[in-house]
Amino acid sequence: DDGGVDGIAIETVPSLLECQALAQLCSDQNSNNNDDDNASLPPIWISLACRNDSELNDGTPLPQALDVLETIPQNVLPAIGLNCCDSLHLPALVQTLLRHVWERSTPATSSGASPRGLVLYPNSGEVWDNATQTWQHGTGCTTPNEMATRLFALVEQMDASWDAWCRETSHTNPRRPRLLVGGCCRTTPATIAGLRTRLEDYLQNQNDDS
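Predicted model only: the values in this text are computed from it and were never measured. (Residues numbered from 1 in each chain as written. Predicted model: local features only at pLDDT ≥ 70, side-chain atom pairs only at ≥ 80, totals over all residues. Heavy atoms only, no water.)

S.K.: Just to check I follow, could you spell out the packing of helix α2 (residues 62-69) against helix α3 (residues 90-103) for this structure?
M.R.: Axis separation between α2 and α3 bottoms out at 10 Å; the angle between their running directions is 35°. Crossing of α2 against α3: the hand is right-handed. Contacts from L62, P63, L66 and D67 in α2 reach L93, T96, L97 and H100 in α3. Taken together, the residues of the contact of α2 with α3 sort by class into 5 nonpolar, 2 polar and 1 charged. (Axes fitted to C-alpha atoms, helices over the stretch in contact; angles between N-to-C directions. Helix = DSSP H or I, 4+ residues; strand = E, 2+ residues; numbered from the N terminus. Left-handed = near helix turned anticlockwise from the far one by under 90°. Contact = heavy atoms within 4.5 Å. Nonpolar A, V, L, I, M, F, W, Y, C, P; charged D, E, K, R; others polar.)

Below is the structure:
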């Protein structure tokens, strides 16, 4: 262990302008790394913040932002995703994100290479009241069990969509993207514990069926 940085998380990116700046920064850094064998940019993930089912916080359509991030080499940016979004928006957002990765994963990754990974960690969806400096009562998903269920449903959705797209094409089944899933603002350790239990049961059932 040399005490170096293992990775960098660039989170809650709200705008196309910031995506463009990050793409330029990563491109410049990657070029510098190629010129200097002693330089090394640690792996990065970039996660976007969205205000609804289809747009970043600044109103940019999600596919447009993803196309900008796609210009960053995968060895520099091994994962992309979403964070600090209301979990109610994630089913539609995840479908767009997953389709983006799928379309760039076939047929190249059918030979064994991994597609770009995905990170998902939404917030509770509670509404902040600036006037009272409190969270509005009755908004969002405040029950850890319910939040864990929503997060787990995203994993099931992604698996089902990936399998369906495989069946619709003549390509060999490409490798699935690695997935990091968790919670952002106002989620709790109890949420993650509930999610882990569901995922462990899910993976065990898959192993039993195979």
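S.K.: Could you clarify how one ought to interpret α3 in this entry?
M.R.: Each full turn of the α-helix corresponds to 3.6 residues, which orients residues three or four apart in the same direction. The end-to-end C-alpha separation of α3 is 19 Å, in line with the 20 Å expected for 14 residues at 1.5 Å each. Burial in α3 covers these residues: L90, L93, V94, L97, L98, H100, V101 and W102. Contact partners of the buried residues in α3: α2, β3 (79-86), β4 (117-123) and α4 (144-168). (Expected span 1.5 Å × (residues − 1). Buried < 20%, exposed > 50% of the residue type's maximum accessible area, 1.4 Å probe, protein only.)

S.K.: Explain the sheet that holds strand β2 (residues 44-48) here, please?
M.R.: Picture the strands of a sheet paired through backbone hydrogen bonds; they go either parallel or antiparallel. The sheet built from 5 strands is open, its strands ordered β1-β2-β3-β4-β7 with parallel pairing. Each of the sheet's edge strands pairs with one partner strand only, and the pair in question is β1 (8-13) and β7 (179-181). Adjacent strand axes in the sheet meet at a mean angle of 15°, parallel and antiparallel pairs treated alike. In this sheet, β7 lies alongside β4 in parallel orientation, the contact comprising 3 bridges. Bridge assignment links L118 to a residue of β7, and that residue is L179. With respect to the sheet, α3 is in contact with β3 and β4, its orientation differing from that of β3 by roughly 170°. (Pairing = 2+ DSSP bridges.)

S.K.: Even after reading the chapter, I still don't get the state of the cysteines, so can you show me in this structure?
M.R.: Disulfide: a covalent bond formed between the sulfur atoms of two cysteine residues. Inspection of the entire model under this criterion finds 0 disulfides. In this structure C19 is a free cysteine whose sulfur lies 9.3 Å from that of C50, the closest cysteine sulfur available. Lacking any disulfide linkage, C50 is separated from the closest cysteine sulfur, that of C85, by 4.6 Å. Residue C50 is classed as buried on the basis of its relative accessible area of 5%. (Disulfide = S-S within 2.5 Å.)

S.K.: Would you take a moment to explain the pattern of salt bridges for this structure?
M.R.: The full count for this structure, using the stated rule, is 10 salt bridges. A salt bridge links R51 to E55; its shortest N-O distance comes to 2.9 Å. Here R104 and E103 are joined by a salt bridge, their closest N and O atoms 3.7 Å apart. Taking relative accessible area as the criterion, E103 reaches 47% and is therefore assigned partly exposed. (Salt bridge = Lys/Arg side-chain N within 4 Å of Asp/Glu carboxyl O.)

S.K.: Help me understand the side chain of H100, please; the structure alone is not making it clear to me.
M.R.: When you line up the elements, H100 lands in helix α3. When residues no more than four places from it in sequence are discounted, the contact partners of H100 are L66, D67, E70 and I80.

S.K.: So what exactly am I meant to see when it comes to the side chain of S161 here?
M.R.: Mapping S161 onto the fold places it in helix α4. According to the relative accessible area criterion, S161 is buried, its value standing at 9%. Dropping the residues within four chain positions of it, S161 is found in contact with Q95 and L98.

S.K.: What exactly am I supposed to notice about unusual backbone geometry here?
M.R.: A negative phi angle is the norm for most residues apart from glycine, just as the trans form is the norm for most peptide bonds. Its identity as a non-glycine residue notwithstanding, T12 has a phi of 55°, on the positive side. Along the chain, the position of T12 falls in strand β1. Of note, the phi angle at Q133 is positive, near 55°, even though the residue is not glycine. Following the sequence through the fold, Q133 ends up in the loop between β5 (128-129) and β6 (134-135).

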